[in-house]
Amino acid sequence: MNKSEAWTLKDLVSLEKLSREEIDTIHHMAAHFKQTLGRRQKKLPSLRGKTVVNLFLEPSTRTRTAFEMAAKRLSADVISISQSASSLVKGESLRDTALNIQALNADLLVIRHSAAGAAEYLSERLEIPVINAGDGAHEHPTQALLDTFTLREKFTPEGAEQLSDLSGRKITILGDILFSRVARSNIYAMQKLGAKVTLAGPKTLVPKSFEAFGVEVSHNLQEALADADAVMLLRIQRERMNAAYFPSIGEYTSMFGLNQERASLLKPDAIIMHPGPINRGVEIDSTIADGQRSVILDQVTNGVLCRMAVLLLTASAAGTKAKGSI
Amino acid sequence: MSNILWIQNGRVIDPANDRDANGDIYAVDGMIVDQLSDVQKAAAEIIDAKGLVVSPGFVDIHVHFREPGQTHKETIATGSRAAAAGGFTSVVCMPNTSPAADNPGTIQRIKDSAARNSVVHLYTTGTITVGRQGKELAPIGSLNQAGVVAITDDGDCVQSNALMRRAAEYATMFDLPLMDHCQDSSMTEGSVMNEGLMSLKLGLKGWPSAAEDIIVSRNVIISRQTGAKIHMQHISSAESVEILREAKAAGIAVSGEATPHHLYFTDDNLENYDTHFKMNPPLRSKRDQEALIAGLLDGTIDCIATDHAPHTDYEKDCEFDYAPFGILGLETALAASLEVLYHSGKTDLKTFLGWMTHKPCALVKLPRETGTLRAGCVADITLFDPNEAWTVGDTFQSKSKNSPWIGMTLRGKVKRTIVAGETVWDGAQIVNRDSGKC
């Protein structure tokens, strides 16, 4: 908590633009919130009287519920709007929809959109904080924050006071990188925390040009998984197969699915992650998804904590600015 | 009393006649003449061009004036005023209007409007296929009779090689050039920007330059086979320049244009998802940009054309994926192109002006000699100061404001635009005129 003064941003749009210190600030606050989880009264009063609007213009279970839960734990009022229930279907522009939400006196806007850049676009046009809950194939910053928080937790020795960072860790992200906002945000977050990132998968979905991000690109799973401290799997979508990015789901599983044999290449204490939703038996064996090394459900739990931190920090930054301008 | 013009003391540059010298230009009743008699001199309107370049009026073979059908973006009245303000005296309008200019009636409708509303010479193109649908041939012979200067499905590319080959073959009967917007659409589904590092970073769907290169190659092959003149519109990729270079060396009747925006910007300019940098074809890499410049310098690319494509502010103010492609070009073309090609030291003014005057004229079927100050030609003349710096504001003669140059300071200012002997732009405003100049 003592590091929260390292935060001045009104919006959270991307991990690319976040500093190491800002990531630490969120993670330390999330760790603090984790201690309140065991309490009978989980609610904190921090955002009492504030209204958070979740504008989700793409399907989502986990992220939307986690944002709702995070806001409610902080005592905020929450309204969630989906595409089909919004005036966007009547042809209202995103700009007008968002300006109306602001005019209704919402205090924070959480936006999920299929178009890359949509969160940045709104952040430039709204006074209130805009939090990116996923914009097309661009970024999904809170997902990367919860993923790296989960990694840090797992790599922090028991009894240590501070979270470890990811220095010297090899982390492999495997799957549809080209269309993945989760991969992009995680590349930035993991690198800022010191990890070496390897991207793996078929060449059509993991083009070599990703090397410009400072990562390794591999199409050989032996190489990509060997001695990795963690592997993060990404969901494979049928629509990519229809667009000829790979021949068939069956071939994908046989070439790139994570099975027991391939999992044995990882370091013995390596962890297995997936942002969900998972396709059991496609990118990951069912038994591995449920296995000892899987932290898939820890990721979900941590998602609420990291989002609580993001809501609180951005709301505070916006509040400070408002006071300053009076 | 005839209308006599005497432009004095300017640096006269007429690339078509290899002329670059200080001197005077004369016009009588809208036509250039070699000299004036003493009586005419006494009666002439004198324009002092000291310190200015006196050039043939610029010619843009690629503009969208949106009339009929999309007049909320631009009209022939506003588009032609934008042309005049940019120093252009002749423009060639693309046929992707609504309805498409795929029949003589629509062509006539555009010409009628131009006669009433245009302040510059306005030429039409017809489509290659009915409704620009790429399925059946438009009435190319009738379009030719209606006076189109080329045929094109601009905005869309004829995907069928068989159809393109027949169109090319058929058009040779009328010596009518084809202009093609080179894009294999099977490779660009959902694409909104160049495929490269920047598209990976932004998470936007990439548009490989191969989609252009494949169609440029196709058109080279069809031109060789049919003898048809095929012009490649707004070339954006280094490989396409190379393909065109080899084709020209082999004597094939193909040509190409480059836009000021592909010369000036790269896909790095998209980093903030600014939709003013969204165009088709997309801004590409530094390497492609350099290849376009080299292509102009060695004659592979024949001319500069703006692809002036107005869209309203509310159409462009949205998510990047949803914004329409295209930007304004006419009013910034001279300055932006001078910055890249002249002020950078890459070429001289005479060579540069060739790309803006007689060279584009040679690519389309104009009814008379244009793009030169030769005696006997229509007196279309542009006076400009190549060195004057100005900051692009957010008001334009165009009806739209979708320019990526807003706020930038560029060198090169149009001081006067003369169409058929009459001043239509005086360096600050449009000079009111009663009738069109089509």
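Residues numbered from 1 in each chain as written. Chains lettered and ligands numbered in written order. Predicted model: local features only at pLDDT ≥ 70, side-chain atom pairs only at ≥ 80, totals over all residues. Heavy atoms only, no water.

### Concerning the overall build of chain B
No. 1: Check the secondary structure of chain B and you find 14 helices and 18 strands.
No. 2: Compactness check: chain B gives a C-alpha radius of gyration of 21 Å against a globular reference of 22 Å for 438 residues, within 12% of the reference.
No. 3: If one aligns the C-alpha atoms of chain B with their principal axes, the spans along those axes are about 65 × 45 × 45 Å.
No. 4: Within chain B, contacts between residues separated by at least 24 positions form 76% of all contacts whose residues are at least 6 apart in sequence.
No. 5: Carbon and sulfur atoms provide 46% of the accessible area of chain B, an area that totals close to 15,300 Å². (Helix = DSSP H or I, 4+ residues; strand = E, 2+ residues; numbered from the N terminus. Rg over C-alpha atoms; globule rule 2.2 N^0.38 Å. Contact = heavy atoms within 4.5 Å. Areas by Shrake-Rupley, 256 points an atom, 1.4 Å probe, with all protein chains shown as cover.)

### Re the nonpolar core
No. 1: Within the largest apolar cluster, 93 residues are counted, with the highest numbers of intra-cluster contacts made by A:F33, A:L151, A:I173, A:M190, A:L199, A:F210 and A:L311.
No. 2: The element that contributes the greatest number of residues to this core is helix α12 (residues 296-325) of chain A, accounting for twelve residues.
No. 3: Domain assignment of the residues forming this core places at least three in each of domain 1 (3-140 + 302-319) and domain 2 (141-299) of chain A.
No. 4: In this structure A:L151 touches A:L166, A:I171, A:M190, A:A230, A:I271 and A:M273, once residues within four positions along its chain are discounted.
No. 5: B:V148, B:A167, B:F174 and B:A247 belong to the second-largest nonpolar core, a separate cluster that totals 79 residues. (Core = buried A, V, L, I, M, F, W, Y, C linked by side-chain atoms within 4.5 Å. Buried < 20%, exposed > 50% of the residue type's maximum accessible area, 1.4 Å probe, protein only. Domains from an automatic or database assignment.)

### Some words on the sheet that holds strand β6 (residues 58-63) of chain B
All names here are of chain B.
No. 1: Read across the sheet, three strands follow the order β6-β7-β8 without closing on themselves; strand pairing throughout is parallel. Each end of this open sheet is capped by a strand with a single partner; those strands are β6 and β8 (121-124). In this sheet, neighbouring strand axes are inclined to one another by 20° on average, regardless of whether the strands run parallel or antiparallel.
No. 2: The pairing of β6 with strand β7 (residues 88-93) spans four bridges and is parallel. Counterpart to F58 in the pairing with β7 is F88. (Pairing = 2+ DSSP bridges. Axes fitted to C-alpha atoms, helices over the stretch in contact; angles between N-to-C directions.)

### Observations concerning the domain arrangement of chain A
Residues and elements named next belong to chain A.
No. 1: Domain assignment breaks chain A into domain 1 (3-140 + 302-319) and domain 2 (141-299).
No. 2: The distance between the C-alpha centroids of domain 1 and domain 2 comes to 25 Å.
No. 3: Counting residues at the interface gives 35 residues for domain 1 and 30 residues for domain 2.
No. 4: Interface of domain 1 and domain 2: buried area, both sides summed, is about 2,500 Å²; carbon and sulfur atoms make up 57% of it.
No. 5: Of all residues in domain 1, H27, H140 and N302 give up the largest surface area on contact with domain 2, accounting jointly for 26% of the area buried on that side.
No. 6: Remark: the boundary between domain 1 and domain 2 carries four salt bridges.
No. 7: Across the pair D165 and R20 runs a salt bridge, and its minimum N-O distance is 3.4 Å.
No. 8: Counting every contact that joins domain 1 to domain 2 gives 25 residue pairs in polar contact (both at pLDDT 80 or more).
No. 9: Of all elements in the fold, only α1 (20-36), α2 (62-73), β3 (108-113), β4 (130-135) and α12 reach the threshold of two or more residues within the side of domain 1 that touches domain 2.
No. 10: Per-element accounting of the side of domain 1 that touches domain 2 gives the leading share, nine residues, to α1.
No. 11: Split into classes, the residues belonging to the side of domain 1 that touches domain 2 amount to 13 nonpolar, eleven polar and eleven charged. (Buried area = accessible area lost by both parts, 1.4 Å probe. Salt bridge = Lys/Arg side-chain N within 4 Å of Asp/Glu carboxyl O. Polar contact = N/O pair within 3.5 Å; in protein donor to acceptor, adjacent residues only side chain to side chain. Nonpolar A, V, L, I, M, F, W, Y, C, P; charged D, E, K, R; others polar.)

### Some points on the side chain of B:D213
All names here are of chain B.
No. 1: Positionally, D213 belongs in helix α7 (residues 210-226).
No. 2: Buried within the structure, D213 lacks any salt-bridge partner; its nearest side chain of opposite charge belongs to R284, at an N-O separation of 6.8 Å.
No. 3: A polar atom in the side chain of D213 sits 2.5 Å from the side chain of S237.
No. 4: Not counting chain neighbours up to four residues away, the residues in contact with D213 comprise S237, E239, S240 and I243. (Lys, Arg positive; Asp, Glu negative; His and termini not counted.)

### A word on the sheet that holds strand β9 (residues 151-152) of chain B
No. 1: One open sheet accounts for five strands, arranged β9-β10-β13-β14-β15 (chain B); its pairing is parallel. Strands with a single pairing partner mark the edges of an open sheet, and in this sheet they are β9 and β15 (303-304) of chain B.

### Notes on the interface of chain A and chain B
No. 1: The interface is formed by 25 residues belonging to chain A together with 15 residues belonging to chain B.
No. 2: At the boundary of chain A with chain B, total buried surface from both sides reaches about 1,500 Å², with 55% on carbon and sulfur atoms.
No. 3: In this structure, the connection of chain A to chain B is made through three salt bridges.
No. 4: A salt bridge links A:E16 to B:K201; its shortest N-O distance comes to 3.0 Å.
No. 5: Scanning the region where chain A abuts chain B turns up eight residue pairs in polar contact (both at pLDDT 80 or more).
No. 6: Breaking the side of chain A that touches chain B down by element, the ones donating at least two residues are α3 (94-103), α4 (118-123) and α6 (181-192) of chain A.
No. 7: The element that contributes the greatest number of residues to the side of chain A that touches chain B is α4(A), accounting for three residues.

### Considering the pattern of salt bridges
Residue and element names in this part refer to chain A.
No. 1: Here the structure, examined in full by the defined rule, presents 35 salt bridges over all chains.
No. 2: A salt bridge links E58 to R181, with the shortest nitrogen-to-oxygen separation between them at 2.9 Å. Residue E58 is located in the loop between β1 (51-56) and α2, and its partner R181 is located in helix α6; the two are separated by 123 residues in the primary sequence.
No. 3: E58 gets classed as partly exposed once you look at its relative accessible area, which sits at 23%.
No. 4: Between R125 and E124 there is a salt bridge, and its shortest N-O distance comes to 3.6 Å.
No. 5: On the basis of relative accessibility, which here comes to 49%, the residue E124 falls in the partly exposed class.

### Remarks on the pairing of strand β14 (residues 254-258) of chain B
All names here are of chain B.
No. 1: Summarising burial for β14: five of the five residues are buried, a large majority.
No. 2: Neither face of β14 is open: one carries V254, G256 and A258, the other S255 and E257, and all of them are buried.
No. 3: Here strand β13 (residues 230-232) runs beside β14; their pairing, made up of three bridges, is parallel. Following the sheet pairing, M232 is matched in β14 by G256.
No. 4: In this fold, β13 hands off to helix α8 (residues 238-249), which returns the chain to β14; that crossover is right-handed.
No. 5: Here β14 pairs with β15 via two bridges, running parallel. By the bridge assignment for β15, E257 is matched with C303. (Right-handed = clockwise from strand over helix to strand, strands pointing away.)

### Some details on the domain arrangement of chain B
Residue and element names in this part refer to chain B.
No. 1: The domain architecture assigned to chain B consists of domain 1 (4-54 + 377-437) and domain 2 (57-361).
No. 2: Taken residue by residue, the interface counts 45 residues in domain 1 and 56 residues in domain 2.
No. 3: Each partner contributes to the roughly 3,900 Å² buried at the junction of domain 1 and domain 2, and carbon and sulfur atoms together form 63% of this total.
No. 4: Residue E339 pairs with R411 through a salt bridge whose shortest N-O separation is 2.9 Å.
No. 5: For the interface between domain 1 and domain 2, the tally reads 18 residue pairs in polar contact (both at pLDDT 80 or more).
No. 6: Looking at the side of domain 1 that touches domain 2, the elements that each hand over two or more residues are β1 (4-14), β2 (19-28), β16 (381-391), β17 (409-419) and β18 (422-425).
No. 7: The biggest single contributor to the side of domain 1 that touches domain 2 is β17, with nine residues.
No. 8: Its residues assigned to classes, the side of domain 1 that touches domain 2 shows 22 nonpolar, twelve polar and eleven charged.

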